[in-house]
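A structural walkthrough
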Amino acid sequence: MTLLFCSSSDNANVWRAEIAKRLPGLEMRVWPDVGDPADIRMALVWKPPAGMLASLPNLSLIVSLGAGVEPLLEDPTLPDVPLVRMVSDGLTLDMAGYIAFQVLRWHRQMDDYAALQAQARWEPLDHGPASAVTVGILGLGELGTAAARTLRTMDYRVLGWSRSPKQVEGVESFSGPDGLAAMLAQTNTLVCLLPLTPDTQGILNAALFAALPAGAVVVNAARGRHLVEADLLAALDSGHLRGASLDVTVTEPLPPEHPFWRHPKIRITPHVAAVTHPSLSAAQVAEAVRAFRAGEPLPNLVDRKRGY
Ligand code: NDP
Ligand code: OXD
């Protein structure tokens, strides 16, 4: 059984070494050196060219190097074979750290201190305790739950919104449209960790921002298309929102002329909130391959109808 690796943003040699440690003898080819396409039974991919997977006649398993699978599902030629997505300690720890950092950045006014430092001004600013800050998390799945747990250890009040109600210790769970409205009304820092689906695209829009208390902050670490960019600019410029941290944008890389780069209330990172570290994630790939070969239920299988 041959595995095809295809990603322009992951290091194939590092992956080859990590996979060889766990699956000795497994042949791995690296796209575009596919050889005979009929040899390929499994593919390990991140944003493969549209149509590429459909050109592999014996493909029987797709493993996504990413947690979010909309780049695959949006390819109309995607073969109808099991699709496993990435769930690993590397991603969850990275994301929990990124969200904690962004919540602290706004709560503890770190950008204001950077501006004061630039003027050599020693000027303590007031900030309340973490327990007085309510963080609302859209998406209480693998990453949202990890972020929620980390924030709870820091004494933030944490609320979470998901399709189905959840039980996470110390976290108040909301679901449905009424639940969303109830959560937003209490949220000082809103974090988006939803998958991108037709239901969630554009969810960070003017109506949602208006439902947040004045002075709220928005953190989007999910997908750029969750956000209506013009609505964010309007809500920041009107003074309703205090700031936004964006790890993802509609167009990536963010074009140099985009207003987000120079907006005083926006902080940008280049889609690095959570990374699929090979050393921490190869075990999950190996487990998917092992289960597939053994004909056992596959872990972290994507529900194509749901879209995540
Ligand atoms: P999960 O599938 O584990 O969790 C998704 C959560 O969103 C679930 O709680 C789900 O609810 C909820 N959800 C989905 N649709 C809706 C809806 N219509 N209404 C309310 N809640 C909804 O995903 P992960 O936590 O692993 O990842 C989330 C996203 O993070 C990924 O899809 C990806 O886009 C993004 N990501 C970003 C990275 C970055 O570096 N910026 C890195 C990795 C991922 P329920 O549980 O009830 O189904
Ligand atoms: C992912 C990502 O979905 O890195 O894993 O965005």
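Concerning the sheet that holds strand E1 (residues 2-7)
- The strand order across the open sheet built from 5 strands is E2-E1-E3-E4-E5, with neighbouring strands paired in parallel fashion. Strands at the two margins of the open sheet, each flanked by one partner only, are strand E2 (27-30) and strand E5 (83-84).
- For E1 and strand E3 (residues 40-46), the ladder comprises 6 bridges, and the chain directions are parallel. Along E3, the bridge assignment pairs Ser-7 with Trp-46.
- Together, E1, E2 and E3 form the strand contacts of helix H1 (residues 12-22), whose direction differs from that of E2 by roughly 170°.

As for the sheet that holds strand E12 (residues 266-268)
- As summarised here, the arrangement of the 7 strands in space is E8-E7-E6-E9-E10-E11-E12, forming an open sheet in which the pairing is parallel. Single-partner strands in this sheet number two, and they are strand E8 (171-175) and E12. Sheet twist, expressed as the average angle between the axes of neighbouring strands with direction ignored, equals 15°.
- Pairing analysis gives 3 bridges linking strand E11 (residues 241-246) to E12, with the strands arranged parallel. Of the residues in E12, the one forming a bridge with Ala-244 is Ile-266.
- This element, helix H5 (residues 142-153), spans strand E6 (134-138), strand E7 (157-162) and E8 of the sheet and lies at about 170° to E6.

Brief notes about unusual backbone geometry
- Across the junction of Trp-31 and Pro-32, the peptide omega takes the value 10°, indicating a cis bond.
- Within the secondary structure, Pro-32 is located in the loop between E2 and E3.
- The peptide bond linking Glu-252 to Pro-253 adopts the cis configuration, its omega dihedral lying at -5°.
- Its location among the elements puts Pro-253 in the loop between E11 and E12.
- Phi is positive for His-271, close to 55°, though the residue is something other than glycine.
- Following the sequence through the fold, His-271 ends up in the loop between E12 and helix H9 (278-294).

Things to note about the domain arrangement of the chain
- Per the domain assignment, the segments making up the chain are domain 1 (2-87 + 276-294) and domain 2 (89-268).
- Of the residues lining the interface, 11 residues belong to domain 1; the matching set on domain 2 comes to 7 residues.
- Buried surface at the junction of domain 1 and domain 2, both sides included, amounts to about 870 Å², of which 52% is carbon and sulfur.
- If you sort the residues of domain 1 by the area they bury against domain 2, Glu-70, Val-87 and His-277 come out on top, with a joint share of 46%.
- At the boundary of domain 1 and domain 2, one finds 2 salt bridges.
- For Arg-225, the salt bridge is made with Glu-74, and the minimal N-O distance between the two is 2.9 Å.

Points about the environment of His-263
- In this fold, His-263 is placed in the loop between E11 and E12.
- In this structure His-263 comes out as buried when scored by relative accessible area, which is 10%.
- Each C-alpha atom of the pair His-263 and Leu-236 lies 9.3 Å from the other, and the pair is 27 residues apart in sequence.
- Those residues within four positions of His-263 in sequence are excluded, and the remaining contacts are Leu-233, Leu-236 and Asp-237.

Calculation notes
Here the residue numbering is sequential within each chain, running from 1 through the sequence in written order. Chain letters and ligand numbers both follow the written order, the letters beginning at A and the numbers at 1. Residue-level local features of this predicted model are given only where pLDDT is at least 70; pairs of side-chain atoms are given and counted only at 80 or more, and the full residue set underlies all totals for whole chains, interfaces and linings. Remark: hydrogens and water are excluded; side-chain values derive from all non-hydrogen atoms of the structure. Following DSSP output, two strands are said to pair if at least two bridges run between them. Every helix listed is a DSSP run of H or I at least four residues long, and every strand listed is a run of E at least two residues long, numbered separately from the N terminus. Every residue pair with non-hydrogen atoms within 4.5 Å of one another is taken to be in contact. Between N-to-C directions, angles span 0 to 180 degrees; the directions come from axes that are lines fitted to C-alpha atoms, helices contributing only their stretch in contact. Just so you know, the domain bounds were taken from an automatic or database domain assignment. The quantity reported as buried area is the accessible area (1.4 Å probe) lost by two parts once they are put together, taken as the sum for both. Should a side-chain nitrogen of Lys or Arg be within 4 Å of a carboxyl oxygen of Asp or Glu, the pair is scored as a salt bridge. Remark: exposure states derive from per-residue accessible area (1.4 Å probe, protein chains only) relative to the maximum for the residue type, with buried under 20%, exposed over 50%, and partly exposed in between.

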